[in-house]
Amino acid sequence: PKAKAKAKAAAVPARGAAVIKRGVKAKMVADPTFGRMAKIAAKKAKASAPGKGKWYFMSDLRKMKVGADDSKAWTAFSPALNAKLEAAMAKNAKQCTLAFAGKTYTVKFATMMQFRKDDASLQRPVKRV
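Residues numbered from 1 in each chain as written. Predicted model: local features only at pLDDT ≥ 70, side-chain atom pairs only at ≥ 80, totals over all residues. Heavy atoms only, no water.

A.B. asks: Hey, could you run me through the environment of Asp118 in this one?
C.D. replies: Within the secondary structure layout, Asp118 lies in the loop between strand S5 (113-116) and strand S6 (119-128). With 14 residues separating them in the primary sequence, Asp118 and Thr104 have C-alpha atoms 7.5 Å apart. At 2.7 Å, the side chain of Asp118 and the side chain of Arg116 are in polar contact. (Helix = DSSP H or I, 4+ residues; strand = E, 2+ residues; numbered from the N terminus. Polar contact = N/O pair within 3.5 Å; in protein donor to acceptor, adjacent residues only side chain to side chain.)

This is the structure in structure tokens:
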């Protein structure tokens with residue numbers, strides 16, 4: 001019993017110390033502050049005909065409050081990435097994985113959010129018009 005107690009005490013980090021779990025992937029969960037923007041984007045996404053949508057990501061996160069209607073806040077995906085997103089959506093996929101500039105991103109269609117695969121805290125809304 002004493003050996004177990006000592007092992008358990010050694011495994012518990014000191015108060016305020018960072019806890020790093022190895023082999024555990026960060027979950028891609030949309031930040032609550034993006035909820036309003038994601039709901040607006042999801043409603044508008046269904047308005048486009050299948051295969052005819054144009055995809056954008058919010059490039060200026062400072063415009064979260066007015067970003068849904070501010071064209072300067074959004075940047076279009078490249079034609080190749082746009083085609084990949086449209087194909088995934090046409091197949092009723094839940095998400096689509098994209099590679100751009102040496103990074104891998106996941107776009108979740110239910111939340112209309114884009115996450116960077118190596119750091120799920122880096123996220124931004126996407127929209128389809």
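A.B. asks: How should I be thinking about helix H3 (residues 79-90) in this particular structure?
C.D. replies: Compared with the 16 Å implied by 1.5 Å per residue over 12 residues, the 16 Å span of H3 between its first and last C-alpha is a close match. Buried positions along H3 lie against strand S1 (55-58), strand S3 (95-100), strand S4 (103-108) and S6. Looking at the residues trailing H3, positive phi occurs at Asn92, about 60°. (Expected span 1.5 Å × (residues − 1). Contact = heavy atoms within 4.5 Å.)

A.B. asks: Teacher, can you tell me more about the packing of aromatic side chains here?
C.D. replies: Two descriptors summarise a pair of aromatic rings, namely the distance from one centre to the other and the angle between the planes of the rings. By the definition in use, this model includes two aromatic pairs. Each ring, one from Trp55 and one from Phe109, has its centre 5.6 Å from the other, and the planes form 45°; the classification is tilted. You can see Trp55 sitting in strand S1 and its partner Phe109 sitting in the loop between S4 and S5, a full 54 residues away along the chain. Both residues of the pair, Trp55 and Phe109, count as buried. Where Phe57 meets Phe77, the ring centres are 5.3 Å apart and the plane angle is 70°; that geometry is what we call edge-to-face. Here Phe77 lies in the loop between strand S2 (74-76) and H3 and Phe57 lies in strand S1, a separation of 20 residues in the sequence. (Phe/Tyr/Trp six-rings, centres within 6.5 Å; stacked < 30°, edge-to-face > 60°. Buried < 20%, exposed > 50% of the residue type's maximum accessible area, 1.4 Å probe, protein only.)

A.B. asks: Sorry if this is basic, but what is going on with the pattern of salt bridges here?
C.D. replies: One side chain can pair with another of opposite charge once the charged atoms of both are near each other. Enumeration according to the criterion identifies two salt bridges in this entry. Notably, a salt bridge pairs Glu86 with Arg128, separated by 2.5 Å at the nearest N-O pair. In this pair, Glu86 sits in helix H3 while Arg128 sits in strand S6, placing the two residues 42 residues apart along the sequence. Each member of the pair Glu86 and Arg128 is classed as buried. Salt-bridge contacts for Arg116 lead to Asp118; the nearest nitrogen and oxygen are separated by 2.7 Å. When its relative accessible area of 54% is taken as the criterion, Asp118 is described as exposed. (Salt bridge = Lys/Arg side-chain N within 4 Å of Asp/Glu carboxyl O.)

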